[in-house]
Amino acid sequence: MKSKVILLAGAGGSGKSTIAELISREHGYELLDGDHEDSEFFPYGGQWLPQNLKSLQKAHRKILSKTKLLVSSGKSVVVDYVIFGDYISYFKIFEDTFRDDLKIVILYPSNSENIKRDFARSNWTTGPVRIAAVRSELYKIRNKIGVEKFLDTSNESPEETIIKYFQFFWGGGNVMFL
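Residues numbered from 1 in each chain as written. Predicted model: local features only at pLDDT ≥ 70, side-chain atom pairs only at ≥ 80, totals over all residues. Heavy atoms only, no water.

Colleague: So what exactly am I meant to see when it comes to the sheet that holds strand E2 (residues 30-33) here?
Modeller: Sheets are built from strands paired through backbone hydrogen bonds, the pairs being either parallel or antiparallel. Here 5 strands make up an open sheet; going across it, the order is E2-E3-E1-E4-E5 and the pairing parallel. Looking at which strands have only one partner, the edges of the open sheet turn out to be E2 and strand E5 (150-151). Both strand E1 (residues 5-9) and strand E3 (residues 77-80) contribute to a ladder of 4 bridges, which runs parallel. Its bridge partner being in E3, Leu7 is matched across the sheet by Val79. (Pairing = 2+ DSSP bridges. Helix = DSSP H or I, 4+ residues; strand = E, 2+ residues; numbered from the N terminus.)

The structure is reproduced here in C-alpha coordinates:
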(Lines give C-alpha, C1' and ligand atoms only; values in the text may rest on other atoms or scores of the structure.)
Protein backbone atom coordinates (compact mmCIF):
# COMPACT_ATOMS: atom_id res chain seq x y z
CA MET A 1 0.00 0.00 0.00
CA LYS A 2 1.24 3.46 -0.87
CA SER A 3 2.10 5.76 2.04
CA LYS A 4 -0.48 8.41 2.93
CA VAL A 5 -0.22 11.66 4.88
CA ILE A 6 -2.95 13.20 7.01
CA LEU A 7 -2.51 16.76 8.27
CA LEU A 8 -4.72 17.51 11.26
CA ALA A 9 -5.07 21.19 12.11
CA GLY A 10 -7.36 23.22 14.33
CA ALA A 11 -7.36 25.24 17.51
CA GLY A 12 -6.09 23.82 20.76
CA GLY A 13 -8.69 21.44 22.18
CA SER A 14 -10.31 20.68 18.81
CA GLY A 15 -9.38 17.00 19.03
CA LYS A 16 -6.25 16.82 16.87
CA SER A 17 -4.11 14.83 19.27
CA THR A 18 -6.88 12.43 20.25
CA ILE A 19 -7.77 11.68 16.63
CA ALA A 20 -4.10 11.47 15.59
CA GLU A 21 -3.42 8.98 18.38
CA LEU A 22 -6.40 6.84 17.34
CA ILE A 23 -5.33 6.87 13.68
CA SER A 24 -1.82 5.92 14.72
CA ARG A 25 -2.91 3.14 17.05
CA GLU A 26 -5.73 1.69 14.95
CA HIS A 27 -4.36 2.16 11.44
CA GLY A 28 -0.59 2.02 11.91
CA TYR A 29 0.14 5.61 10.93
CA GLU A 30 3.30 7.16 12.33
CA LEU A 31 2.31 10.08 14.58
CA LEU A 32 4.28 13.30 14.09
CA ASP A 33 3.63 15.94 16.75
CA GLY A 34 4.19 19.28 14.99
CA ASP A 35 3.91 21.25 18.22
CA HIS A 36 6.83 19.25 19.61
CA GLU A 37 8.82 19.70 16.40
CA ASP A 38 8.42 23.49 16.35
CA SER A 39 9.60 23.83 19.97
CA GLU A 40 13.19 23.89 18.66
CA PHE A 41 12.36 27.29 17.15
CA PHE A 42 9.97 28.45 19.88
CA PRO A 43 11.11 27.22 23.29
CA TYR A 44 9.06 30.00 24.91
CA GLY A 45 6.10 30.06 22.51
CA GLY A 46 5.08 33.05 20.42
CA GLN A 47 4.82 31.17 17.13
CA TRP A 48 1.91 33.35 16.01
CA LEU A 49 3.70 36.68 16.47
CA PRO A 50 4.37 38.45 13.15
CA GLN A 51 8.05 38.98 13.97
CA ASN A 52 8.48 35.20 14.19
CA LEU A 53 7.29 34.37 10.66
CA LYS A 54 10.73 33.28 9.39
CA SER A 55 11.18 30.90 12.31
CA LEU A 56 7.65 29.61 11.84
CA GLN A 57 8.43 28.85 8.18
CA LYS A 58 11.59 27.00 9.27
CA ALA A 59 9.49 24.95 11.68
CA HIS A 60 7.05 24.14 8.87
CA ARG A 61 9.90 22.99 6.62
CA LYS A 62 11.26 20.83 9.45
CA ILE A 63 7.87 19.15 9.88
CA LEU A 64 7.68 18.59 6.10
CA SER A 65 11.22 17.11 6.07
CA LYS A 66 10.41 14.73 8.91
CA THR A 67 7.20 13.70 7.17
CA LYS A 68 9.08 13.06 3.90
CA LEU A 69 11.66 10.96 5.73
CA LEU A 70 8.94 8.81 7.31
CA VAL A 71 7.10 8.40 3.99
CA SER A 72 10.36 7.50 2.21
CA SER A 73 10.77 4.67 4.70
CA GLY A 74 7.35 3.32 3.69
CA LYS A 75 5.28 4.73 6.55
CA SER A 76 1.98 6.55 6.42
CA VAL A 77 1.98 9.64 8.63
CA VAL A 78 -0.54 11.64 10.62
CA VAL A 79 0.70 15.13 11.53
CA ASP A 80 -0.92 16.77 14.56
CA TYR A 81 -0.18 20.52 14.54
CA VAL A 82 -1.90 23.78 15.43
CA ILE A 83 0.27 25.48 12.72
CA PHE A 84 0.13 28.96 14.37
CA GLY A 85 -0.05 30.99 11.17
CA ASP A 86 1.13 31.06 7.57
CA TYR A 87 -1.46 28.33 7.01
CA ILE A 88 -1.73 28.63 3.22
CA SER A 89 2.02 28.21 2.70
CA TYR A 90 2.13 25.29 5.13
CA PHE A 91 -0.66 23.45 3.34
CA LYS A 92 0.85 24.24 -0.07
CA ILE A 93 4.26 22.72 0.69
CA PHE A 94 2.54 19.52 1.75
CA GLU A 95 0.18 19.55 -1.25
CA ASP A 96 3.10 20.09 -3.64
CA THR A 97 4.99 17.21 -2.05
CA PHE A 98 2.31 14.57 -1.44
CA ARG A 99 -0.45 15.51 -3.92
CA ASP A 100 -3.17 12.81 -4.00
CA ASP A 101 -1.63 10.96 -1.06
CA LEU A 102 -2.45 13.86 1.28
CA LYS A 103 -5.58 14.59 3.28
CA ILE A 104 -5.83 17.98 5.00
CA VAL A 105 -8.36 18.16 7.80
CA ILE A 106 -9.27 21.19 9.89
CA LEU A 107 -11.06 20.05 13.04
CA TYR A 108 -13.59 22.81 13.66
CA PRO A 109 -16.10 21.99 16.39
CA SER A 110 -18.34 24.81 17.61
CA ASN A 111 -16.57 27.46 19.65
CA SER A 112 -18.32 26.37 22.85
CA GLU A 113 -17.47 22.69 22.24
CA ASN A 114 -13.87 23.61 21.43
CA ILE A 115 -13.51 25.53 24.70
CA LYS A 116 -15.21 22.72 26.66
CA ARG A 117 -12.79 20.16 25.21
CA ASP A 118 -9.84 22.45 25.86
CA PHE A 119 -10.67 22.78 29.56
CA ALA A 120 -11.34 19.04 29.86
CA ARG A 121 -7.74 18.19 28.93
CA SER A 122 -5.54 16.95 31.73
CA ASN A 123 -2.22 18.34 30.52
CA TRP A 124 -2.67 22.03 29.65
CA THR A 125 -5.17 24.41 28.11
CA THR A 126 -5.01 26.86 25.24
CA GLY A 127 -7.66 29.18 26.64
CA PRO A 128 -10.64 30.90 24.98
CA VAL A 129 -8.68 33.91 23.67
CA ARG A 130 -6.12 31.88 21.72
CA ILE A 131 -8.81 29.41 20.56
CA ALA A 132 -10.84 32.32 19.18
CA ALA A 133 -7.78 33.74 17.41
CA VAL A 134 -6.89 30.44 15.70
CA ARG A 135 -10.52 29.75 14.77
CA SER A 136 -10.80 33.23 13.26
CA GLU A 137 -7.57 32.82 11.26
CA LEU A 138 -8.71 29.46 9.91
CA TYR A 139 -12.19 30.73 9.11
CA LYS A 140 -10.72 33.57 7.02
CA ILE A 141 -8.92 31.11 4.74
CA ARG A 142 -11.64 28.45 4.47
CA ASN A 143 -12.53 29.35 0.88
CA LYS A 144 -8.88 29.31 -0.20
CA ILE A 145 -8.15 25.87 1.21
CA GLY A 146 -11.61 24.38 0.70
CA VAL A 147 -14.59 24.43 3.02
CA GLU A 148 -14.87 20.64 2.66
CA LYS A 149 -11.66 20.31 4.72
CA PHE A 150 -13.41 21.86 7.75
CA LEU A 151 -15.07 19.24 9.93
CA ASP A 152 -17.59 20.22 12.57
CA THR A 153 -17.01 17.46 15.09
CA SER A 154 -19.15 19.05 17.83
CA ASN A 155 -21.55 16.16 18.31
CA GLU A 156 -19.18 13.27 17.63
CA SER A 157 -16.78 11.15 19.58
CA PRO A 158 -13.27 10.88 18.12
CA GLU A 159 -14.11 7.33 16.98
CA GLU A 160 -17.24 8.57 15.16
CA THR A 161 -15.20 11.30 13.47
CA ILE A 162 -12.69 8.76 12.16
CA ILE A 163 -15.39 6.44 10.84
CA LYS A 164 -17.31 9.31 9.24
CA TYR A 165 -14.44 11.24 7.60
CA PHE A 166 -11.35 9.07 7.31
CA GLN A 167 -12.47 5.55 6.46
CA PHE A 168 -12.18 6.04 2.68
CA PHE A 169 -8.58 7.20 3.02
CA TRP A 170 -7.36 3.73 3.94
CA GLY A 171 -9.68 1.81 1.68
CA GLY A 172 -12.94 1.64 3.63
CA GLY A 173 -14.00 -1.53 5.33
CA ASN A 174 -14.92 -1.89 8.95
CA VAL A 175 -13.11 0.23 11.47
CA MET A 176 -12.67 -1.26 14.91
CA PHE A 177 -11.45 0.44 18.05
CA LEU A 178 -9.86 -1.58 20.80
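Colleague: I would appreciate a short explanation of the packing of aromatic side chains in the present structure.
Modeller: In this description, an aromatic ring pair is defined by two values, namely the gap between the centres and the angle between the planes. Counted according to the given criterion, the structure contains 7 aromatic pairs. The rings of Trp48, Tyr81, Phe84, Tyr90, Phe91, Phe94 and Phe98 are connected pair by pair, giving a single aromatic cluster. Positioned above the aromatic ring of Phe166, the side-chain terminus of Lys103 is 5.8 Å from the ring centre. The ring of Tyr139 carries the charged tip of Arg142 above its face, separated from the ring centre by 3.5 Å. (Phe/Tyr/Trp six-rings, centres within 6.5 Å; stacked < 30°, edge-to-face > 60°. Lys NZ or Arg CZ within 6 Å of the ring centre and 35° of its normal.)

Colleague: Explanation requested: unusual backbone geometry in the structure shown.
Modeller: The bulk of non-glycine residues show a negative phi, and the bulk of peptide bonds are trans. The backbone of Asp86 sits at a positive phi, close to 50 degrees, despite the residue not being glycine. On the accessibility criterion, Asp86 (23% relative accessible area) is partly exposed. At Arg99, a position not held by glycine, the phi torsion is positive, near 45 degrees. When you line up the elements, Arg99 lands in the loop between helix H4 (87-98) and strand E4 (102-107). What makes Arg99 exposed here is its relative accessible area of 59%. (Buried < 20%, exposed > 50% of the residue type's maximum accessible area, 1.4 Å probe, protein only.)

Colleague: Can you walk me through the side chain of Ser14 in this structure?
Modeller: Looking at the secondary structure, you find Ser14 in the loop between E1 and helix H1 (16-27). Owing to a relative accessible area of 1%, Ser14 belongs among the buried residues under this scheme. With sequence-adjacent residues up to four places away left out, Ser14 is seen in contact with Leu107, Pro109, Asn114, Arg117 and Thr153. (Contact = heavy atoms within 4.5 Å.)

Colleague: How do you make sense of the layout of surface pockets when you look at a structure like this?
Modeller: Sizing a probe to match a water molecule and rolling it over the atoms shows the empty space that remains. Of the voids in this model, the largest pocket is the one considered here, and its volume is about 410 Å³. In terms of lining, the largest pocket is formed by 23 residues, of which the most central are Gly15, Lys16, Ser17, Thr18 and Arg121. Those elements that provide at least two residues to the lining of the largest pocket are H1 and helix H8 (158-165). The element that contributes the greatest number of residues to the lining of the largest pocket is H1, accounting for 5 residues. When its residues are assigned to classes, the lining of the largest pocket shows 4 nonpolar, 11 polar and 8 charged. (1 Å grid on protein atoms, 1.4 Å probe; cavity = no way out; pocket = protein on both sides within 12 Å on 5 of 7 lines; lining within 4 Å. Points joined across faces, edges and corners; volume = space filled by probe spheres on them. Nonpolar A, V, L, I, M, F, W, Y, C, P; charged D, E, K, R; others polar.)

Colleague: What is the right way to read helix H5 (residues 111-120) from this model?
Modeller: Given 3.6 residues to a turn, an α-helix orients residues that are three or four positions apart in the same direction. Taken residue by residue, H5 has Glu113, Asn114, Ile115, Arg117 and Asp118 as its buried positions. The inward-facing, buried residues of H5 contact helix H6 (128-140).

Colleague: Hey, could you run me through the nonpolar core in this one?
Modeller: Soluble globular proteins: nonpolar side chains tend toward being buried together. Ranked by size, the top nonpolar core spans 34 residues in total, and within it Leu7, Tyr81, Tyr90, Phe91, Phe94 and Ile106 carry the most contacts. For this core, the secondary-structure elements that each account for two or more residues are E1, helix H3 (53-72), E3, H4, E4 and H6. With 6 residues, the single largest contributor to this core is H3. Ignoring sequence-local partners within four residues, the contact set of Leu7 consists of Val79, Tyr90, Phe91, Phe94, Leu102, Lys103, Ile104 and Val105. Ranked by size, the runner-up nonpolar core spans 13 residues in total, among them Leu8, Ile19, Ala20 and Ile23. (Core = buried A, V, L, I, M, F, W, Y, C linked by side-chain atoms within 4.5 Å.)

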